[in-house]
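A structural walkthrough
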Amino acid sequence: MANPFIHVELNTTDVDKAKEFYGRLFDWKLEDTEIPRVGHYTLINRGEGTGGGIMKQMIPGASSFWLAYVEVDDITAATKKAQSLGAKVMAEVKEIADMGWLSIIVDPTGAMLGLWKTKAGADQR
């Protein structure tokens, strides 16, 4: 499939409560880590399926929400294309450690979506 969903991320107002809930609900194996320019991050070691993570909500006043990411071949071009089609760019392209690059857009209907470009050789948990 072209441009598959590659990652889902819970942006939560209460990381500990979310980890307790989802860890018990789905028996997920959770791994805490520090990511440069992001901070504390919890990886969801899924075994099968789309990867995921849990992090502290970074949008002031926003409630908790799940954000899906779609894999793209060229993160800069995809972000610009989305903008040309009417999307608002919420987070410009930025590098995330040795894993890849992301941007976050809001489509013309108001739905938020992450775009992701994996670095060659990066671990895709």
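Everything here concerns the structure above.
Scoring rules and cut-offs
Residues numbered from 1 in each chain as written. Predicted model: local features only at pLDDT ≥ 70, side-chain atom pairs only at ≥ 80, totals over all residues. Heavy atoms only, no water. 1 Å grid on protein atoms, 1.4 Å probe; cavity = no way out; pocket = protein on both sides within 12 Å on 5 of 7 lines; lining within 4 Å. Points joined across faces, edges and corners; volume = space filled by probe spheres on them. Helix = DSSP H or I, 4+ residues; strand = E, 2+ residues; numbered from the N terminus. Nonpolar A, V, L, I, M, F, W, Y, C, P; charged D, E, K, R; others polar. Core = buried A, V, L, I, M, F, W, Y, C linked by side-chain atoms within 4.5 Å. Buried < 20%, exposed > 50% of the residue type's maximum accessible area, 1.4 Å probe, protein only. Contact = heavy atoms within 4.5 Å. Pairing = 2+ DSSP bridges. Axes fitted to C-alpha atoms, helices over the stretch in contact; angles between N-to-C directions. Polar contact = N/O pair within 3.5 Å; in protein donor to acceptor, adjacent residues only side chain to side chain. Arc of directions from axis to C-beta.

Regarding the layout of surface pockets
For the second largest pocket, the calculated volume is near 190 Å³. Asn3, Val70, Val72, Asp73, Asp74, Ala78, Ala82, Ile105, Asp107, Leu113 and Leu115 together form the lining of the second largest pocket. Of all elements in the fold, only α2 (75-84) and β8 (112-118) reach the threshold of two or more residues within the lining of the second largest pocket. Considering only residue class, the lining of the second largest pocket consists of seven nonpolar, one polar and three charged.

With respect to the nonpolar core
Among soluble globular proteins, nonpolar side chains are generally buried collectively. By size, the foremost hydrophobic cluster in this structure holds 12 residues: Ile6, Ile35, Tyr41, Leu43, Met55, Leu67, Tyr69, Ala91, Ile96, Leu102, Ile104 and Trp116. Listing elements by their share of this core, those giving two or more residues are β3 (39-45), β5 (65-71), β6 (88-96) and β7 (100-106). If near-sequence neighbours (up to four positions away) are discounted, isoleucine 35 is found in contact with Tyr41, Ile96, Ala97 and Met99.

Observations regarding the sheet that holds β6
Here we have eight strands laid out as an open sheet, ordered β2-β3-β4-β1-β5-β8-β7-β6, and mixed in their pairing. Sheet topology places β2 (29-35) and β6 at the edges, where each strand pairs with a single neighbour. The average undirected angle you get between the axes of adjacent strands in this sheet is 25°. One ladder, built from three bridges, connects β5 with β8; its direction is parallel. When the bridges of β8 are listed, valine 70 appears paired with leucine 115.

Remarks on the environment of aspartate 74
Here aspartate 74 lies in the loop between β5 and α2. Judged by relative accessible area, which is 43%, aspartate 74 ranks as partly exposed. For the pair aspartate 74 and threonine 118, spaced 44 residues apart in sequence, the C-alpha separation works out to 9.8 Å. A polar contact of 3.2 Å, which involves the side chain of aspartate 74, links it to the backbone nitrogen of threonine 76. From its side chain, aspartate 74 meets the backbone nitrogen of alanine 77 in a polar contact 2.9 Å long.

Notes on α2
An α-helix turns once per 3.6 residues; consequently, residues spaced three or four apart project the same way. Within α2, burial applies to Ile75, Thr79 and Ala82. The buried side chains of α2 occupy one side of the element, clustering within an arc of 65° when seen end-on. Opposite the buried face of α2, by more than 90 degrees, sit the exposed residues Lys80, Lys81 and Ser84. Turning to α2, the residues buried within the fold contact β6, β7 and β8. A distance of 3.2 Å separates the backbone nitrogen of threonine 76 from a side-chain oxygen at the start of α2, and that oxygen is part of aspartate 74.

Structural notes on the side chain of threonine 79
Assignment of secondary structure puts threonine 79 in helix α2. Classification of threonine 79 as buried rests on a relative accessible area of 4%. In terms of polar contacts, threonine 79 uses its side chain to reach the side chain of serine 103, at 2.7 Å.

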